[in-house]
Amino acid sequence: MSCASTLLQVAVATPLVAALALAFSKWLPCGAKKAIAGVGFVVPALIAIALLCAFPCAEKISGYAFYSSCEMLGVPSLGIWLQFGLNGISLPLFLMAAVVGVAAGLRALSTKNVELRGLYYAVTLVMFGGVLGVFSAIDVFSFYIFHEFALIPTFVAILLWGGYGRKTTAITMAIYLTLGAMISLAGLFALYFAGAGAGEYGFSFLGIAQAVANGMVLNGDVSVIFALLLFGFGILVSLFPFHSWAPDTYAVAPTPISMLHAGVLKKFGLYGLIQLGALALPLGLADWQNWIIWLALGNIVLIGLITMTQKDLKQMVAYSSVMHMGPIFLGIAAFAISGGDVAGLGGAVVLMFAHGLSVALLFHLGQSVYDRTGTYDMTKMGGLTAKAPVLAAFFVAATMASIGLPGFANFWGELTIFTSLADIQPAWLLGAIVLSIVISAIYGLRAVAKIFYGKNTGVALSDEAFENVRDITVSERLPALILFAALVVVGFVPSLITKNIDATLKADFAPAAKVFCAENCGAEAADEDVIILDGPLPVLPAVPADNCESCGEGKELILAKNITVTVSGAVEEEGDFVLSAEDATLLKALELAKADSEATFAVVLRVTARIPVDLDELRNGDVEDVPLEDGDKISVE
Amino acid sequence: MDNETLLRVILLTPLVAAVVSAFFFRRSRVVAPAISVTAAGVILFASLALLLGLDPANPTASATLPGFALGGFTELETIGLSIDKNGAAMLFVVTFVAFWIHVFSVGYMDDDKARGRFFAGLSVFMFSILGIILANNLFMTFIFWELVGFSSYMLIAHYYDTDYAAMASKKAFIANRVGDLGFLVGIILCYKQYGTTNFAELGELIKSGEMTFTSIGLLLMCGFLGKSAQFPLHVWLTDAMAGPTPVSALIHAATMVAAGVFFMVRIFFLLTPEVLTTMLWLCAGMAALGGLCALGQTDIKKSLAYSTLSHLGFMGAAIGLGLPEIALLHMAMHAFFKATLFLCSGSVIHACHHEQDMTKMGGLLKKMPITAAAFVVAGLSICAFPWFAGWYSKDMILSGAYLAGNIPAFVALVIAAIGTTLYTGRMFAMVFLGNAHGHGAEHAKESSPWMTLPLVVLGVIFSLGAGWFLAGTQGLPWLDGKMNALFPASATGVFAHGYHDLHEKLASAGLVAPMFILGVVILVVGLGLAVVFYRTSTGEDKLREHSPVLYKALEYRYMDAFYGWYIEKVQQRVAMFVAMLDTALINMLAMRGVIGGVPAILGSVARRYIQNGNGGIPVFWIAFGALVIAAALVCGVL
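Residues numbered from 1 in each chain as written. Chains lettered and ligands numbered in written order. Predicted model: local features only at pLDDT ≥ 70, side-chain atom pairs only at ≥ 80, totals over all residues.

Summing up its helical and strand segments, chain B has 26 helices and five strands in all. A buried classification covers 57% of the 638 residues belonging to chain B. In chain B, once contacts between residues fewer than 6 apart in sequence are set aside, the share between residues at least 24 apart is 78%. (Helix = DSSP H or I, 4+ residues; strand = E, 2+ residues; numbered from the N terminus. Buried ≥ 20, exposed ≤ 12 C-beta atoms within 10 Å, placed from the backbone. Contact = placed C-beta atoms within 7 Å.)

The helix and strand inventory of chain A stands at 27 helices and eight strands. Against the globule reference of 26 Å for 637 residues, chain A gives a C-alpha radius of gyration of 26 Å, in line with a compact fold. Oriented by its inertia axes, the alpha-carbon framework of chain A measures out at about 95 × 55 × 45 Å. By residue count, 63% of the 637 residues in chain A fall in the buried class. If you take every contact in chain A between residues at least 6 apart in sequence, the share linking residues at least 24 apart comes to 77%. (Rg over C-alpha atoms; globule rule 2.2 N^0.38 Å.)

With 474 residues, the main nonpolar core has Val-99 of chain A together with Val-97 and Leu-413 of chain B as its most contacted residues. When near neighbours in sequence (up to four residues on either side) are disregarded, Val-99 of chain A contacts Ala-45, Leu-357, Ile-482, Leu-483 and Ala-486 of chain A. In this structure, Val-565, Val-567, Val-613 and Ile-634 of chain A belong to the second largest nonpolar core, which totals 22 residues. (Core = buried A, V, L, I, M, F, W, Y, C linked by C-beta atoms within 7 Å.)

So, about the environment of Phe-484 of chain A. All names here are of chain A. The topology assignment puts Phe-484 in helix H21 (residues 474-492). Taking the C-beta count within 10 Å as the criterion, Phe-484 has 23 such neighbours and is therefore assigned buried. Sequence separation between Phe-484 and Ala-397 is 87 residues; the distance between their C-alpha atoms is 7.8 Å. Dropping the residues within four chain positions of it, Phe-484 is found in contact with Leu-361, Phe-394 and Ala-397.

At the junction of the two partners, chain A supplies 65 residues and chain B supplies 50 residues. If you list the elements that add at least two residues to the side of chain A that touches chain B, you get helix H6 (166-196), helix H8 (222-236), helix H12 (282-309), helix H15 (343-373), helix H17 (409-420), helix H18 (428-434), helix H19 (436-452) and helix H22 (495-508) of chain A. With 13 residues, the single largest contributor to the side of chain A that touches chain B is H6 of chain A. Residue composition of the side of chain A that touches chain B, by class: 42 nonpolar, 17 polar and six charged. (Nonpolar A, V, L, I, M, F, W, Y, C, P; charged D, E, K, R; others polar.)

The subject of this paragraph is the packing of helix H13 (residues 300-320) of chain B against helix H18 (residues 407-432) of chain B. All names here are of chain B. For the pair H13 and H18, interaxial distance at closest approach is 11 Å and the crossing angle is 155 degrees. Relative to H18, H13 is oriented roughly antiparallel. As for the relative orientation of H13 and H18, their crossing is left-handed in sense. Contacts between H13 and H18 involve Ile-300, Ser-303, Ser-307, Ser-310, Gly-313, Phe-314 and Ala-317 from the former and Ala-409, Leu-413, Ala-416, Gly-419, Thr-420, Tyr-423, Met-427 and Val-431 from the latter. Considered class by class, the residues forming the contact of H13 with H18 number nine nonpolar, six polar and no charged. (Axes fitted to C-alpha atoms, helices over the stretch in contact; angles between N-to-C directions. Parallel < 35°, antiparallel > 145°, perpendicular 65-115°, else oblique. Left-handed = near helix turned anticlockwise from the far one by under 90°.)

Let's shift gears to the sheet that holds strand S1 (residues 60-61) of chain A. Residues and elements named next belong to chain A. As summarised here, the arrangement of the three strands in space is S1-S2-S3, forming an open sheet in which the pairing is antiparallel. Across the chains shown, the open sheet's two edge strands, defined by having one partner strand only, are S1 and strand S3 (80-86). Here strand S2 (residues 64-75) runs beside S3; their pairing, made up of six bridges, is antiparallel. By the bridge assignment, Ser-69 is partnered in S3 with Gln-83. (Pairing = 2+ DSSP bridges.)

Secondary-structure assignment places Ala-584 of chain A in the loop between strand S5 (575-580) and helix H26 (586-592). The spatial distance from the C-alpha of Ala-584 of chain A to the C-alpha of Ala-485 of chain A is 59 Å, given a sequence separation of 99 residues.

This next bit is on helix H14 (residues 324-351) of chain B. Residues and elements named next belong to chain B. Taking 1.5 Å as the rise per residue, H14 with 28 residues should run 40 Å; its terminal C-alpha atoms sit 40 Å apart, in good agreement. The largest bend along H14 reaches roughly 30 degrees and is located at His-334. Counting buried positions over the 28 residues of H14 gives 28, a clear majority of the element. (Expected span 1.5 Å × (residues − 1). Bend = angle between axes of the 7 residues up to and from the residue.)

Attention shifts here to the sheet that holds strand S3 (residues 477-478) of chain B. All names here are of chain B. Spatial ordering of the open sheet is given by S3-S4-S5, a layout of three strands whose pairing is antiparallel. In this open sheet, the two strands that pair with only one neighbour each are S3 and strand S5 (487-488). As paired strands, S3 and strand S4 (residues 483-484) are joined by two bridges and run antiparallel to one another. When the sheet's bridge partners are listed, Pro-477 is paired in S4 with Asn-484.

Attention now goes to the packing of helix H9 (residues 245-252) of chain A against helix H13 (residues 313-323) of chain A. Residue and element names in this part refer to chain A. Contact pair H9 / H13: the axes reach a minimum separation of 8 Å and the direction vectors enclose 140 degrees. Between H9 and H13, the angle is such that the two are oblique. The handedness of the crossing between H9 and H13 comes out as right-handed. For the pair formed by H9 and H13, the contact residues are Ala-246, Pro-247, Tyr-250 and Ala-251 on the first element and Lys-314, Gln-315, Ala-318, Tyr-319, Ser-321 and Val-322 on the second. Considered class by class, the residues forming the contact of H9 with H13 number seven nonpolar, two polar and one charged.

What follows concerns the pairing of strand S6 (residues 601-605) of chain A. All names here are of chain A. Side chains Ala-602 and Val-604 of S6 all project onto a buried face; the interleaved residues Phe-601, Val-603 and Leu-605 project onto a face where none is buried. Pairing of S6 with strand S7 (residues 610-614), which is carried by five bridges, proceeds in the antiparallel orientation. Bridge assignment links Leu-605 to a residue of S7, and that residue is Arg-610. Direction of pairing for S6 relative to strand S8 (residues 633-636): antiparallel, over a ladder of four bridges. Within the sheet, the bridge partner assigned to Val-604 lies in S8 and is Ile-634.

Now for unusual backbone geometry. Residues and elements named next belong to chain A. In this structure, the amide linkage connecting Phe-240 to the following residue, Pro-241, adopts the cis form with an omega of 0 degrees. Here Pro-241 shows up in the loop between H8 and H9. A cis geometry characterises the amide bond from Gln-425 onward to Pro-426, with omega recorded as -10 degrees. With respect to the element layout, Pro-426 can be found in the loop between H17 and H18. The residue Ser-238 is not glycine, and still its phi comes out positive at about 60 degrees.

So, about the confidence of the model for chain B. Residue and element names in this part refer to chain B. Averaged over every residue, the pLDDT of chain B is 84; residues scoring 70 or more account for 90%. A low-confidence stretch, residues 610-617 stays under pLDDT 50, and its non-local contacts, those more than four residues away or across chains, total three contacts. Taken over the whole predicted complex, pTM reads 0.85, whereas the ipTM for its chain interfaces reads 0.88. (pLDDT = per-residue confidence, 0-100.)

Shown next, in the form of structure tokens:
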């Protein structure tokens with residue numbers, strides 16, 4: 001285990017250890033508590049930056065750098081044990097988690113008049129450790145457990161330090177998120193039992209990526225598995241219409257918790273959907289792409305309209321964060337829509353990164369506005385720029401970032417996603433989606449104008465109180481500056497993160513992309529070449545991939561004159577058979593394997609399709625023979 | 001320095017200036033303006049060095065900056081900066097006008113508390129507009145397009161403590177974003193269709209016979225409608241006058257709004273005849289309407305803003321008529337005389353202690369002779385007085401419309417031209433003639449040299465002389481042919497070609513003399529009427545006095561009223577309705593009802609047996625239920 005791998009573990013462990021220390025430190029003075037918590041917040045961020053610098057040269061296993069594993073925690077024989085690592089996709093998200101964590105931590109540390117101060121810090125630290133774990137754990141169940149680990153502090157924090165209506169909100173959120181977590185857990189189980197965890201690295205992102213690269217065939221209904229993941233994760237990410245928990249939760253939760261949850265934890269589902277859904281279940285994604293498009297459109301247009309009606313600043317930011325999930329979902333769907341172009345996925349990752357920072361910044365600044373005016377009601381404020389110009393400047397910057405102004409990281413994510421949706425059908429949907437840039441501008445600028453422009457309305461603040469308003473303090477400025485700097489640096493030099501994202505996506509998602517490629521290129525030739533039999537699942541044109549000119553991978557198959565297929569089940573000789581590429585058909589394979597003459601049913605499994613065949617009909621010549629490809633697995637019953 | 005370095009310097013200097021003054025000299029009264037003006041000077045100097053070094057016949061240069069790529073989206077892999085003959089013309093005009101407006105701002109903003117913010121904003125604007133000029137593909141254009149909108153927003157909101165500026169800045173940004181919605185969709189479709197958005201490559205593709213599409217052209221035109229404030233997105237420009245006057249001169253008259261025209265000229269080859277026709281009607285209509293509505297404003301800046309709308313309409317109409325070079329020529333000439341007019345108005349406003357109402361001015365001719373002289377020259381230029389800058393471009397557009405046989409468009413443009421002479425004469429009469437009617441005007445003094453020098457340079461020299469190079473077929477070359485009259489030769493190639501081409505066509509049709517006479521008639525009649533009618537100012541607008549109905553009709557803002565109705569009665573209501581549905585159906589019924597209710601019933605059943613009445617039970621029932629469902633699904637899947 002290299003030094004950097006240890007650092008990664010240290011990054012996750014530090015906040016948790018600090019939280020543990022705080023839990024047993026009732027006798028410590030307040031300053032010491034702050035110091036312990038401060039270490040817990042700052043160390044992971046420094047490590048994350050170091051890891052970003054070290055990543056390009058680090059030793060990688062299938063794209064995962066800083067790999068480490070703890071076989072004690074888990075059951076290696078079942079393919080389930082704790083593993084850590086970062087690839088190009090999780091690295092920026094891990095960095096974002098660390099940066100938002102530091103900002104949220106500083107916000108927590110500078111919060112005054114908190115009851116149970118030590119516990120407050122500890123809860124925030126546990127949540128921070130959890131979100132760091134989510135993006136650095138690469139075995140799937142640990143990834144899930146870290147999410148739960150971060151979720152529990154959210155309940156606790158809302159119940160103990162929440163605002164108005166905390167109990168109802170906590171219960172609502174508990175119901176929703178438990179449901180979402182359960183459904184996604186079911187999806188993960190289904191994926192596990194479908195055979196995704198069989199490799200050297202067990203049921204982990206790394207293991208799945210390798211299995212996909214080797215042409216893994218899932219032994220299950222990919223469409224259902226994907227649906228479980230989509231809706232399970234969808235609830236956690238507040239996909240329309242499962243969003244009701246989000247605005248209330250964020251509005252009621254203490255600000256550091258809102259920052260961490262809306263900014264970081266919510267990306268859990270999207271991250272899972274990319275690393276598991278799009279990677280291992282591309283056909284499921286293709287099946288559900290229209291659902292994603294319409295629901296995400298609900299996020300953009302309907303939630304966007306609702307956002308416009310909000311008078312409460314924190315509610316508005318909360319709704320806007322729900323709205324911004326729409327484009328990210330569309331980025332994922334774009335992988336299928338565009339026929340295997342990973343640009344949309346890349347845009348989604350960039351937007352996840354950027355949105356995490358910008359929404360955290362907005363929550364942070366919103367709290368600063370509240371500290372000065374004593375209310376979140378925007379209609380009661382006005383003209384704050386005169387007294388707090390720096391706060392106003394930060395707020396305008398945060399609003400501009402969140403509505404996708406070039407120069408901030410959000411813009412690159414949105415632009416890439418919109419561009420990758422060029423092939424969407426019907427075409428007017430593209431206009432409806434891009435409408436988000438208008439809607440977000442409307443509510444964003446309205447908020448700026450109401451809070452900071454014009455004159456003091458005199459409702460929230462009397463003229464006298466207005467005169468005494470101070471600009472933001474150093475302890476408020478520091479977190480704002482950290483988040484702002486991260487947004488701008490990536491906004492001006494997007495290649496800092498996109499290089500890694502792009503490399504990983506191109507390497508890992510090539511097999512999945514090929515699936516769509518085969519689907520698209522085969523569209524014309526489909527009628528002759530494909531045998532479509534009744535089957536539960538995506539009936540895909542099984543066109544040999546080498547017909548596909550647009551994807552380079554297909555050409556390798558032309559070179560392979562001989563292909564190898566695996567036959568199992570009701571045959572006399574199970575195992576691998578080599579056939580010549582020209583006349584490799586199902587009948588030929590069955591002949592070689594000496595299939596049981598009473599066998600009635602066979603299934604051809606390959607990366608791109610699952611073709612069930614009725615053997616009686618095949619023998620009678622009622623249906624055409626099935627051409628085979630390299631790596632096909634045939635199961636005879 | 002080689003051309004690549006120069007291009008990078010031109011683009012990045014204002015960015016550095018903005019960052020330095022925004023972060024370190026926010027409160028300074030001297031350093032921030034100094035940085036900003038120096039930056040503008042450096043840009044002007046670098047642009048001149050670049051333009052003088054280019055081949056006048058074929059001015060091209062390019063450079064790159066690192067960008068990013070994701071998957072199949074590789075259009076921004078390198079950020080390419082390039083310049084061609086259109087870009088060269090625009091670059092000179094923008095950097096030259098901008099430098100003098102920066103100088104003017106030093107004088108105009110001398111009593112402002114937020115000079116740091118103002119000058120940082122100007123530098124951000126310079127960065128953005130230069131980005132549009134140097135962009136070599138559509139995506140880059142879009143990036144800087146958005147940034148221009150942002151800097152315009154920030155500068156309009158300079159006097160943030162007035163509700164009017166707050167509203168105006170918001171309106172400007174949102175109207176631009178509406179245009180950008182179509183613009184971005186158009187760019188994406190263009191990228192999908194042609195596989196590239198590089199201007200040069202697109203041009204080659206179209207030349208080699210690729211089809212052009214009306215849909216793409218119309219969508220791209222949306223960007224122009226927003227940025228150049230044409231119907232139906234013109235509503236923001238008049239309100240944008242809430243910003244400081246130098247901002248109105250630079251951004252909302254000379255450069256940013258003209259960027260829309262520049263962009264349409266750049267993608268002219270992508271426009272189908274249908275797009276051109278649409279553009280012609282929208283813009284010719286706007287030209288006539290703007291020219292007349294300018295008479296219905298007593299605020300000097302708003303009147304000028306309508307004039308800008310009208311002249312942007314002229315440029316758009318020129319593109320619609322298939323005369324992109326003439327559109328660009330008018331863009332350049334307009335930049336000089338309109339910037340001068342705005343700066344004159346700024347000088348007057350500053351002298352009258354920030355009084356903008358023309359009815360409260362008067363008699364400033366003797367008190368402010370330099371300003372008045374600059375106003376006269378620029379005013380004659382905008383009215384197309386023969387051999388002044390505006391005469392070369394504006395009358396050419398009129399002639400072009402007549403030559404194309406498009407009589408309705410020609411009539412609209414003639415109305416616009418008459419409107420121009422009327423409002424210019426009216427403005428001159430109300431501001432400079434007669435007696436002073438307000439406290440400010442009575443105590444007015446000529447402005448400081450910071451303000452009068454730009455007036456002299458931009459107004460007297462350029463409004464008068466910019467057209468000279470067109471006077472002879474060979475121009476007026478000097479400095480080994482690197483300069484042509486007052487312009488670098490590489491920046492004038494595009495104008496000269498289009499101008500002489502059209503001039504020859506006119507000559508062969510025998511229309512040169514009739515058009516000249518028509519122009520002079522419009523000028524004499526319009527100016528004469530206006531000066532006679534408004535000369536004896538009484539502290540009240542003459543038209544409002546004599547014909548209140550007509551004045552009201554000119555003053556009333558129909559589209560604003562429509563949008564106001566739409567936002568209040570349609571958009572807001574729909575939004576409220578959706579919000580209500582969300583609460584009622586999704587939150588209450590589905591969430592609390594179904595998801596909460598079913599387990600609650602189960603829970604109450606269970607409670608009868610367990611008898612513990614624990615409120616937390618529903619949560620666990622849900623967890624349990626979800627597990628059961630999940631298990632069932634998993635079994636089903638396997």
